[in-house]
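Structural features, examined
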Amino acid sequence: MGAAPHPVVLRRSGQSALGAIAVALLLGVTACSVSEEREIALGRTNAEEIAAKYPLVTDSVVAAYVQALGMRLARGTSRPSLPWRFTVVDSKDVNAFALPGGFVYVNRGLIEHTERMDELAGVLGHEIGHIVRRHSVQQLKRNGGTRVGVALFCAVTSVCDSHTARIAIDLGGAAWLARHSRVAEAEADSEAVANTVRAGVSPEGIPVMFQTMLTMRANEPGLVQTFFGSHPVEEDRIATTRHLVEGVDPRILRILERDDADFQTMKRRLTSLPKSPAAPALP
Ligand SMILES: [Zn+2]
């Protein structure tokens, strides 16, 4: 249900949709020409605003673990020298998000719904994939502006004040705004498999996490609503990812790490922190 575009968008779609398409076409051509310097600046500006305004998990054990796991995955990519930063958002919504230039956000709720390290690694590997493939630059450019990253963040976390959340909705519907294309998602899934294997982590956590999401959609739909709005996941995506995992040499797959003691320590710590703040009500 989260995948449906916001009804407001449909109703007022006439000229603004045409305008958006024109802008998207124009920017689609120029997205590749955004310099890496500009890409990093774009991500950093949004990341600074997010850090100043919104609830992030600053507990040192949690923050250090997630940063270290993210770096372990990012280091082996074709863009190891981006200023990679992995941040836990204090939101019980199950979701994750990437800004251009190396800024990855994972919601506390997602980590709390993982059981093993490789599941979290798969999610980080996927978001890293969006950044490495520069989907995140295109996403921001498509939506037309330097502050759009904050609106996107609001669309996937439910932690923002009503004013900013309203901006996200006005920009075209929260779910639609944060959504990558199916092609981009498939590329990020493929990157996730490569990124985990390269880092010595099992890619088997990736389909496990998708399965968790689908189960939650049936049992706790409110917590995954923004996820399904921003990530088209269906059973066939799980099958495709499983197929990619099966393509890994079984002798290698057997020796890859699936869990570690530090992950479980971090999870216990996260669970013991005061509850995430309630999502502010929309006006
Ligand atoms: Zn994605």
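Below, the structure is looked at part by part. Every value quoted in this text rests on a predicted model; they were computed, and no experiment measured them.

1. Describing the environment of Thr240
With respect to the helices and strands, Thr240 occurs in helix α14 (residues 235-246). In this structure Thr240 comes out as partly exposed when scored by C-beta crowding, with 16 C-beta atoms within 10 Å. Each C-alpha atom, one on Thr240 and one on Asp189, is 9.0 Å from the other, the two residues being 51 residues apart in sequence.

2. Let's talk about the nonpolar core
Ranked by internal contacts, the top residues of the largest apolar core, which has 56 residues, are Val104, Val106, Leu124 and Phe153. If you tally residues by element for this core, the top one is helix α6 (residues 117-132), at eight residues.

3. Considering unusual backbone geometry
Within the chain, Arg134 stands out as a residue other than glycine whose phi angle is a positive 65°. Positionally, Arg134 belongs in the loop between α6 and α7 (135-143). For Arg134, a count of 19 C-beta atoms within 10 Å gives the class partly exposed.

4. So, the sheet that holds strand β1 (residues 85-89)
The strand order across the open sheet built from three strands is β1-β3-β2, with neighbouring strands paired in mixed fashion. For this open sheet the edge positions go to β1 and β2 (96-99), each flanked by a neighbour on one side alone. In this sheet, adjacent strand axes meet at a mean angle of 20° when their direction is disregarded. Bridge count between β2 and strand β3 (residues 103-107): four bridges; the pairing is antiparallel. Paired with Phe97 across the strands is Tyr105, a residue of β3. Relative to the sheet, helix α4 (residues 60-74) contacts β1 and β3, its axis offset from that of β1 by approximately 135°.

5. Topic: the packing of α6 against helix α11 (residues 182-198)
The N-to-C vectors of α6 and α11 enclose an angle of 125°; their axes lie 7 Å apart at closest approach. Put simply, α6 runs oblique to α11. Seen along the crossing, α6 lies across α11 with a hand that is right-handed. Seen from α6, the contacting residues are Asp118, Ala121, Gly122, Gly125, His126, Ile128, Gly129, His130 and Val132; seen from α11, they are Ala184, Glu187, Ala188, Asp189, Glu191, Ala192, Asn195 and Thr196. Class assignment for the residues of the contact of α6 with α11 results in six nonpolar, seven polar and four charged.

Rules of the game
Residues numbered from 1 in each chain as written. Predicted model: local features only at pLDDT ≥ 70, side-chain atom pairs only at ≥ 80, totals over all residues. Helix = DSSP H or I, 4+ residues; strand = E, 2+ residues; numbered from the N terminus. Buried ≥ 20, exposed ≤ 12 C-beta atoms within 10 Å, placed from the backbone. Core = buried A, V, L, I, M, F, W, Y, C linked by C-beta atoms within 7 Å. Pairing = 2+ DSSP bridges. Axes fitted to C-alpha atoms, helices over the stretch in contact; angles between N-to-C directions. Contact = placed C-beta atoms within 7 Å. Parallel < 35°, antiparallel > 145°, perpendicular 65-115°, else oblique. Left-handed = near helix turned anticlockwise from the far one by under 90°. Nonpolar A, V, L, I, M, F, W, Y, C, P; charged D, E, K, R; others polar.

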